[in-house]
Amino acid sequence: YRRDKAKGRTHEPLDSKNNANGALMRLAPVVAWYSSGDLEEVVKQAVASASVTHGRFAQQATGFMAGIMWRLMQPGARKLSIQSPRFLTNLKRAI
């Protein structure tokens, strides 16, 4: 395991086969709860949820997935709307 001395946290081994499944399992309730909020808040809460057990890479991946789920839950959302350059730019900024 590696230790983040600045934050005093222990994260998964660098060569771990951990695929952030725990963070993803906790994701749906987070996105559902904050679905009426804005993209930045959903991503922030998803990353915070992932940070309990996962390192930065898994946190970013969880934030990305939260953004996609949030977008698809919005009224009138279409599957292709997640490919919009504007949405992807805003999502990148939020992560």
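Just so it is clear, the structure is predicted and the values come from calculations on it, not from any experiment.

Side note on the confidence of the model for the protein chain
Averaged over the protein chain, the pLDDT score is 80; the fraction of residues at 70 or greater is 77%. Across the protein chain, helix α3 (residues 39-51) holds the top mean pLDDT of 93, while strand β1 (residues 2-4) sits lowest at 51.

Some words on the side chain of Ser49
The topology assignment puts Ser49 in helix α3. Beyond its immediate sequence surroundings of up to four residues, Ser49 is in contact with Arg26 and Val30.

Some thoughts on the nonpolar core
One recurring pattern in soluble globular proteins: nonpolar side chains tend to sit buried together. In this structure, Val31, Leu39, Val43, Ala66, Trp70 and Leu91 are the most contacted members of the largest nonpolar core, which totals 14 residues. Mapped by element, the contributors of at least two residues to this core are α2 (27-33), α3, α4 (56-73) and α5 (85-94). Per-element tally for this core: the top contributor is α3, with 5 residues.

Details of the side chain of Gln59
Topologically, Gln59 is positioned in helix α4. With a relative accessible area of 8%, Gln59 lands in the buried category. Here the side chain of Gln59 touches His54 through a polar contact of 2.8 Å, landing on its backbone oxygen. Look past the residues within four positions of Gln59 in its chain and what remains in contact with it is Val47, Ala50, Ser51 and His54.

Examining α4
For α4, with 18 residues, the first-to-last C-alpha span of 26 Å sits near the 26 Å given by 1.5 Å per residue. Within α4, burial applies to Ala58, Gln59, Thr62, Gly63, Ala66, Gly67, Ile68 and Trp70. Looking at the packing, one finds that the buried side of α4 touches α1 (21-25), α2, α3 and α5.

Some points on the packing of α3 against α4
Between α3 and α4, the least distance of the axes is 8 Å, while the angle of their chain directions is 145°. When you trace α3 past α4, the crossing you get is right-handed. Taken together, the residues of α4 that come into contact with α3 (itself represented by Leu39, Val42, Val43, Ala46, Val47, Ala50 and Ser51) are Arg56, Gln59, Thr62, Gly63, Ala66, Gly67 and Trp70. Residues of the contact of α3 with α4, tallied by class, amount to 8 nonpolar, 5 polar and 1 charged.

Each value, and the rule that gives it
Residues numbered from 1 in each chain as written. Predicted model: local features only at pLDDT ≥ 70, side-chain atom pairs only at ≥ 80, totals over all residues. Heavy atoms only, no water. pLDDT = per-residue confidence, 0-100. Helix = DSSP H or I, 4+ residues; strand = E, 2+ residues; numbered from the N terminus. Contact = heavy atoms within 4.5 Å. Core = buried A, V, L, I, M, F, W, Y, C linked by side-chain atoms within 4.5 Å. Buried < 20%, exposed > 50% of the residue type's maximum accessible area, 1.4 Å probe, protein only. Polar contact = N/O pair within 3.5 Å; in protein donor to acceptor, adjacent residues only side chain to side chain. Expected span 1.5 Å × (residues − 1). Axes fitted to C-alpha atoms, helices over the stretch in contact; angles between N-to-C directions. Left-handed = near helix turned anticlockwise from the far one by under 90°. Nonpolar A, V, L, I, M, F, W, Y, C, P; charged D, E, K, R; others polar.

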